[in-house]
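Observations on chain architecture
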Amino acid sequence: MDLRIFTEPQQGATYDTLLTVAKATEDLGFDAFFRSDHYVKMGSVDGLPGPTDAWITLAGLARETRRIRLGTLMTAGTFRLPGVLAITVAQVDQMSGGRIELGLGAGWFAEEHAAYGIPFPKEKFGRLEEQLAIVTGLWETPVGDTFDYDGTYYQLKDSPALPKPAQAKVPVLIGGHGATRTPRLAARYADEFNVPFASIEDSARQFGRVRAAAEEAGRKGDDLVYSNALVVCVGKDDQEVARRAAVIGREVDELKANGLAGSPAEVVEKIGRYADAGASRVYLQVLDLDDLDHLELISAQVQSQLS
């Protein structure tokens, strides 16, 4: 079971804070550091000092880390034109020496679009499908050839399809709860399928849909990595769990029901049940980015039991 650290910087974080967490992620033996791609806070936090851009952040971290994978859960398809996104991700992959992964979703948070003048089209899923075709198509085009695309939403003509990523194939993550279109899209384009903030039962059901869609598309179900994203709140004892829950404005019982919370033994046991449902990777949503002791505890007493 791979454990990855997943952050939500729109809730309030500087680049320096994210760098500190990313370096701790690397030093403590976690597999990867991921971040969300949002421009407006959610909930009652103040969000100060304001948003950081996902891909600018990852470019910086690419030069200041050496081992961990870096990526997004999920880049919003509404934020960037697909050709520009392909260039950005390829460059950051080069800067990292081939450690980047692209999580790409349709975009959903209308308020952040309104706040920063970003168009929020009604038909987002169709655009996402074309974006995936373009981004992957640009990367796959042999050097010296050109790429053309004539879609409903995007048209490219005589693109040089440069630059190329350092990796022969940048892993693409697709996720969500949709029962039909999402599994079909994952079957066509995804290297990994992620179910965010879902129960064990719902995760197993969605993984099954994606496996079936992959096989229908001529792939093996096991060609994809299956993962979950879950909030994490671990403590050595009940008092420490309660303290950490209070800091992030959550109730312990709710966290235990909907995330990974409690003692290390409780969290290991629950991760095991997600593994039984088909997951081989978990993104630990860490909401208090100043609590590095939390990461140390997870590394020493949770990750060590799952290696």
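Everything below is about the structure shown above.
This report concerns the structure included in the present document. Computed from a predicted model, the values in this text were never measured in an experiment. (Residues numbered from 1 in each chain as written. Predicted model: local features only at pLDDT ≥ 70, side-chain atom pairs only at ≥ 80, totals over all residues. Heavy atoms only, no water.)

Examining the layout of surface pockets
Considered as a void within the structure, the largest pocket measures approximately 1,300 Å³ in volume. Around the largest pocket sit 49 residues that line it, and E8, H38, M42, F197 and Q285 are the ones nearest its centre. Along the lines of polarity and charge, the residues of the lining of the largest pocket split into 23 nonpolar, 19 polar and 7 charged. (1 Å grid on protein atoms, 1.4 Å probe; cavity = no way out; pocket = protein on both sides within 12 Å on 5 of 7 lines; lining within 4 Å. Points joined across faces, edges and corners; volume = space filled by probe spheres on them. Nonpolar A, V, L, I, M, F, W, Y, C, P; charged D, E, K, R; others polar.)

Observations regarding helix 11 (residues 292-306)
Its 15 residues give helix 11 an end-to-end C-alpha distance of 20 Å, which sits within 8% of 21 Å, the value for a rise of 1.5 Å per residue. Where helix 11 bends most, at S299, the angle is about 35°. Listed as buried for helix 11 are H294, L295, L297, I298, S299, V302, Q303 and L306. Tucked inside the fold, the buried residues of helix 11 contact strand 1 (2-7), helix 1 (15-27), strand 10 (225-234), helix 8 (238-247), helix 10 (264-277) and strand 12 (281-286). (Helix = DSSP H or I, 4+ residues; strand = E, 2+ residues; numbered from the N terminus. Expected span 1.5 Å × (residues − 1). Bend = angle between axes of the 7 residues up to and from the residue. Buried < 20%, exposed > 50% of the residue type's maximum accessible area, 1.4 Å probe, protein only. Contact = heavy atoms within 4.5 Å.)

Some thoughts on the packing of helix 1 against helix 2 (residues 54-64)
At a minimum axis separation of 10 Å, helix 1 and helix 2 run at an interaxial angle of 45°. Viewed along their axes, helix 1 and helix 2 adopt a mutual orientation that is oblique. The handedness of the crossing between helix 1 and helix 2 comes out as right-handed. When helix 1 is examined against helix 2, the residues Y15, L18, L19, A22 and K23 are found in contact with a partner set consisting of T57, G60, L61 and E64. Partitioned by chemical class, the residues of the contact of helix 1 with helix 2 number 5 nonpolar, 2 polar and 2 charged. (Axes fitted to C-alpha atoms, helices over the stretch in contact; angles between N-to-C directions. Parallel < 35°, antiparallel > 145°, perpendicular 65-115°, else oblique. Left-handed = near helix turned anticlockwise from the far one by under 90°.)

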